[in-house]
Amino acid sequence: MPGRGVMTSPLRILVIDDSAFNRRTIAKMLEAIPGVEVVGDACDGEEGLRKVFDLQPDLVTLDLAMPRMDGFGFLRIVMEQRPTPVIVVSALAEDENVFKALELGAVEFIPKPSARVSPELVKIREDLVQKVLQVARTDLRKVLTRTMVKPPCSAGTRLANSSARQAISHVVIGASTGGPPALQAIFSAIQEPVPIAFAVSQHMPPVFTRAFAERLNKYSHLEIAEAKSGDLLLPGRVLVAPGGRNLVFTRVGDEVSVQVVEPREGQRYVPSVDAMFTSAAEVFGADLLGVVLTGMGNDGAQGVLDIKKAGGQALAEAEETSVVFGMPKEAIATGKVDKVVPLPLICSEILRRCYN
């Protein structure tokens, strides 16, 4: 299903949640968005499936914990039979269920502020508006393809001829919408020791990043964990910036540790890719590779400029595989990206630049 591009007709949305209060509240917030029409609601995945086929909505908001058929069952069937962009709106923030939903084809997620039915649900309004308008333009074929990507990334890759000026051993990666499955595809492809230290900033709210890092860790030979201040950045390790905070670097002698810091007031994108890239450029200089993956906005573009000014290298994901070609497009527009690479080749390209 292609993205809608410039919306000339109403964006038709189906709301699925087992709470009548939540359905009404979410519908009310959605209907306040110009150009949006809520065409129906459903109390569980079974009813949601019937209405997807009957109403043919452009987008679905989906709870995960529901009776009869939960959100996972709904996703499996709808993505096979009538692929439709889905935003998960769920309180399941302390385990990996949200990331399982993303692997099944959901495009984005929004955490409910409370597991209980609560008037606090209105706090998601700004996030809901932003993500609905963005996801409405998503090419769902790219989302579904990403869940099946198996990047060719093996020991032989590192022996290939490299055009890089020098071998690098530190890699920083930034991502937003579409990032979790992409990062899992990249890191799960590394199944042997590598002399590379990684750091990741994935736009994500607090709480989710620990479960995200744990899930990544299950599928990779690398040691992957949510970062804590004082953690050392070491070969074979991936440190993931905690949701809602930024990751920066400090060198003491031959060791580099990370610091988890509060974002500056009004900072739009958190964890900030720019903040991580810029700090890494100051510490690692020419020994650094920055990678900008799929995502909305321009986070990472300034960081690419800083990495290149310090003598480092930069890659950006190609439009053909980016779920949202916002962040990569802005990075490429700086004129400083060394190479634009589709997702299936990013892992091998990283390794190619780490071995000469």
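That block above? That's the structure.
Notes on the structure in this doc start here. Residue positions are counted from 1 within each chain, in the order its sequence is given. Where local features are concerned, this predicted model is filtered to residues with pLDDT of at least 70; where side-chain atom pairs are given and counted, the filter is 80 or more; whole-chain, interface and lining totals use all residues. Heavy atoms throughout the structure, all of them, feed into the side-chain values; hydrogens and water do not.

1. As for the side chain of Thr25
This is how the line gets drawn: Secondary structure elements are defined from DSSP: runs of H or I of at least 4 residues count as helices, runs of E of at least 2 residues count as strands, and each element is numbered from the N terminus. Working rule for contacts: check all heavy atoms of both residues, and any pair within 4.5 Å makes them a contact.
In this structure, Thr25 sits in helix α1 (residues 20-31). Not counting residues within four places of it along the chain, the set of residues in contact with Thr25 comprises Leu121 and Val122.

2. Examining the side chain of Thr177
The condition that has to hold: Burial status follows relative accessibility: with a 1.4 Å probe on protein chains alone, a residue under 20% of its type maximum counts as buried, one over 50% as exposed, and anything between as partly exposed.
Residue placement: Thr177 occurs in the loop between β6 (170-175) and α7 (179-188). Classification of Thr177 by relative accessible area gives buried; the value is 1%. Beyond its immediate sequence surroundings of up to four residues, Thr177 is in contact with Val107, Glu108, Thr294, Gly295, Met296, Val323 and Val324.

3. Brief notes about the sheet that holds strand β2 (residues 36-42)
The test is simple: If DSSP finds at least two bridges between two strands, the strands pair. Working convention: axes come from line fits to C-alpha atoms, limited for helices to the stretch in contact. Angles between N-to-C directions cover 0 to 180 degrees.
Here we have five strands laid out as an open sheet, ordered β2-β1-β3-β4-β5, and parallel in their pairing. The open sheet terminates on both sides in strands that have one partner only, identified here as β2 and β5 (108-111). The mean inter-strand angle of the sheet, taken between neighbouring strand axes irrespective of direction, is 20°. Note that strand β4 (residues 86-90) and β5 share four bridges and pair parallel. In the strand pairing of β5, Ile87 is matched with Glu108. Helix-sheet contacts for α1 involve β1 (11-16), β2, β3 (59-62) and β4, and the interaxial angle to β2 is about 165°. Where helix α3 (residues 71-81) meets the sheet, it contacts β1, β3 and β4, and its direction lies at approximately 160° from that of β3.

4. Regarding the nonpolar core
Going by this rule: Buried Ala, Val, Leu, Ile, Met, Phe, Trp, Tyr and Cys residues that are joined via side-chain atoms within 4.5 Å together make up what is termed a nonpolar core.
Membership of the largest hydrophobic core comes to 85 residues, with the highest contact counts inside it found for Leu30, Phe74, Val171, Phe187, Phe198 and Ile350. For Ile350, the contacting residues outside a window of four places in its chain are Val171, Ile186, Phe198, Leu289, Val291 and Leu315. Within the second largest apolar cluster, 28 residues are counted, among which are Phe249, Val256, Val273 and Phe284.

5. Quick word on the packing of helix α9 (residues 273-284) against helix α10 (residues 301-309)
Heads up, the rule is: An angle counts as roughly parallel when it lies under 35 degrees, as roughly antiparallel when it exceeds 145, as roughly perpendicular when it falls between 65 and 115, and as oblique in every other case.
At their nearest, the axes of α9 and α10 sit 7 Å apart, and the two run at 5° to each other. Classified by the angle between their axes, α9 and α10 sit roughly parallel to one another. On α10, the residues that touch Asp274, Phe277, Thr278 and Ala281 of α9 are Ala301, Gln302, Gly303, Val304, Asp306 and Ile307.

6. Description of the pattern of salt bridges
To be explicit about the condition: Criterion for a salt bridge: a side-chain nitrogen of Lys or Arg within 4 Å of a carboxyl oxygen of Asp or Glu.
Tallied over the full model, the rule gives 18 salt bridges. Residue Asp44 pairs with Arg68 through a salt bridge whose shortest N-O separation is 2.8 Å. Note that Asp44 is positioned in the loop between β2 and α2 (45-55) and Arg68 in the loop between β3 and α3, a separation of 24 residues in sequence. For Arg68, a relative accessible area of 61% gives the class exposed. When the shortest N-O distance is used, the salt bridge between Lys131 and Glu108 registers 3.5 Å. One end of the pair, Lys131, is in helix α5 (residues 125-135); the other, Glu108, is in strand β5, and 23 residues separate them in sequence. It is possible to trace a salt-bridge network through shared partners that takes in Asp44, Glu46, Arg50 and Arg68.

7. Points about the pairing of strand β7 (residues 197-202)
With six of its six residues buried, β7 lies for the most part within the structure. Because side chains alternate across β7, one face comprises the buried residues Ala197, Ala199 and Ser201, and the other comprises Phe198, Val200 and Gln202, equally buried. For β6 and β7, the ladder comprises six bridges, and the chain directions are parallel. Among the inter-strand pairings, Gly174 is bridged to a residue of β7, identified as Ser201. Judged from the three bridges that link them, β7 and strand β9 (residues 237-240) form a sheet pairing that is parallel.

8. Quick word on the environment of Thr145
Relative to the helices and strands, Thr145 is located in helix α6 (residues 140-146). With 178 residues separating them along the chain, Thr145 and Val323 place their C-alpha atoms 9.8 Å apart.

9. Observations concerning the packing of aromatic side chains
Here is the rule we go by: Centres within 6.5 Å are what make two rings of Phe, Tyr or Trp a pair, Trp counting through its six-membered ring; a difference in plane orientation under 30 degrees is then read as stacked, over 60 as edge-to-face, and the rest as tilted.
Counted under the stated rule, the structure contains six aromatic pairs. Here Phe99 and Phe109 contribute two aromatic rings whose centre-to-centre distance is 6.1 Å and whose plane-to-plane angle is 75°, an arrangement assigned as edge-to-face. Residue Phe99 is found in helix α4 (residues 97-103), and its partner Phe109 is found in strand β5; the two are separated by ten residues along the sequence. Looking at Phe99, the relative accessible area reads 3%, which means it is buried. Given the relative accessible area of 4%, Phe109 is considered buried.

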